[in-house]
Amino acid sequence: MKLFFLGTAGGRTVTFKRIRNSGGILLREGRTLLHIDPGPGAFVNFFSTPYEPWRDLNGIVLSHLHLDHSADVNTLIESATESGKRKGVKLLAPRDALEGETRVVLPYSQRLVDVGILSEGSGYQIGDLRVEVLHRHNHHGVEVYSLLFRGGDKEVVYIPCGRFEDFWLEHLPEGVDLMIFNSTFYGRRPNIDHLSVPDVVEILTAKRPKKALITHFSLEMLRKNPLRVAKEITEKTGVETTAAHDGMVLEV
Ligand SMILES: [Zn+2]
Ligand SMILES: [Zn+2]
């Protein structure tokens, strides 16, 4: 499995003042390509990879509807489906990203793709990749899910934004090949529903993946230097942890 980090910005300031790029993660396994959380710049940054949406992209996965995760979803659907000519592109998203006042995927765009709704315990096969929904997060009132991606003999867990709660540990698998954390903050902030470094340390100590990666950085995290923070997490947990940077390619 190969991962391309188009952007590593987290939260409003770093994303919308473009202190780092945003645009999510591309996941490649065999001949299958998924785009996870196509935030602002996802479409443009896609072209820094060897792929083209209309030739290579098989599916888009939204962990939740916030714009730093979804702003380019309509553009990517338009491109990947060649405005409806290329069939079979999958879109996985929580219900509140698709329906009602909160929807971020246009009804027009939804008609161009095969829509699958993310909910706890659901799972989807997209080409060579299996996507499984692990558990729901509390994150400022919107639906967010932790996701397991399985391809070849590798397993990658993506833990998007949300407030860490003990019940997560009942749902997160042990010993996977890679855990990706949207660890926005360095220190815990009880009133903001985001992951922090102490949460990452707690999860890694309990679940012991082979490797871990932190991304989705706030200004606070950038000031702390993510590379140094990753080293600190490695030392505390014994799990080799790296900090993502814009354009990073990682082979699992
Ligand atoms: Zn969010
Ligand atoms: Zn976010």
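You'll find the structure just up there.
What counts, and where the lines are drawn
- Residues numbered from 1 in each chain as written.
- Chains lettered and ligands numbered in written order.
- Predicted model: local features only at pLDDT ≥ 70, side-chain atom pairs only at ≥ 80, totals over all residues.
- Core = buried A, V, L, I, M, F, W, Y, C linked by C-beta atoms within 7 Å.
- Buried ≥ 20, exposed ≤ 12 C-beta atoms within 10 Å, placed from the backbone.
- Contact = placed C-beta atoms within 7 Å.
- Helix = DSSP H or I, 4+ residues; strand = E, 2+ residues; numbered from the N terminus.
- Pairing = 2+ DSSP bridges.
- Axes fitted to C-alpha atoms, helices over the stretch in contact; angles between N-to-C directions.
- Arc of directions from axis to C-beta.

**Considerations on the nonpolar core**
So, point 1. Residues Leu 27 and Ile 180 are the most contacted members of the largest nonpolar core, which totals 72 residues.
So, point 2. For Leu 27, the residues in contact, after removing those within four places along its chain, are Met 1, Leu 3, Leu 34, Ile 36, Leu 129 and Phe 149.

**With respect to the environment of Ser 109**
So, point 1. Relative to the helices and strands, Ser 109 resides in helix α6 (residues 107-110).
So, point 2. Accessibility expressed as a C-beta count within 10 Å gives 21 for Ser 109, which makes it buried.
So, point 3. Separated by 139 residues in the primary sequence, Ser 109 and Met 248 have C-alpha atoms spaced 29 Å apart.
So, point 4. Leaving out residues up to four positions away in the same chain, Ser 109 has contacts with Asn 74, Ile 77 and Glu 78.

**Some points on the sheet that holds strand β7 (residues 123-126)**
So, point 1. The 7 strands lie next to each other as β7-β8-β9-β10-β11-β12-β13, forming an open sheet whose pairing is mixed. At either end of the open sheet lies a strand with only one pairing partner, and these are β7 and β13 (240-243). Strand-to-strand twist of the sheet, defined as the mean angle between neighbouring strand axes without regard to direction, takes the value 25°.
So, point 2. As judged from the 5 bridges shared by strand β9 (residues 142-151) and strand β10 (residues 154-159), these two strands associate in the antiparallel manner. Within β10, the residue paired with Leu 148 across the bridge is Val 157.

**Examining unusual backbone geometry**
So, point 1. A positive phi angle, near 50°, is found at His 140, a position not held by glycine.
So, point 2. With respect to the element layout, His 140 can be found in the loop between β8 (129-139) and β9.
So, point 3. Taking the number of C-beta atoms within 10 Å as the measure of exposure, His 140 has 14 and is therefore partly exposed.
So, point 4. Phi at Asn 225 takes a positive value of approximately 70°, unusual for a residue other than glycine.

**What to know about helix α5 (residues 73-80)**
So, point 1. Here α5 has its buried residues at Val 73, Leu 76, Ile 77 and Ala 80. Take α5 and look down its axis: the buried residues cluster within an arc of 100°, on one side only.
So, point 2. Among the residues trailing α5, Glu 82 stands out with phi positive, at a value near 50°.

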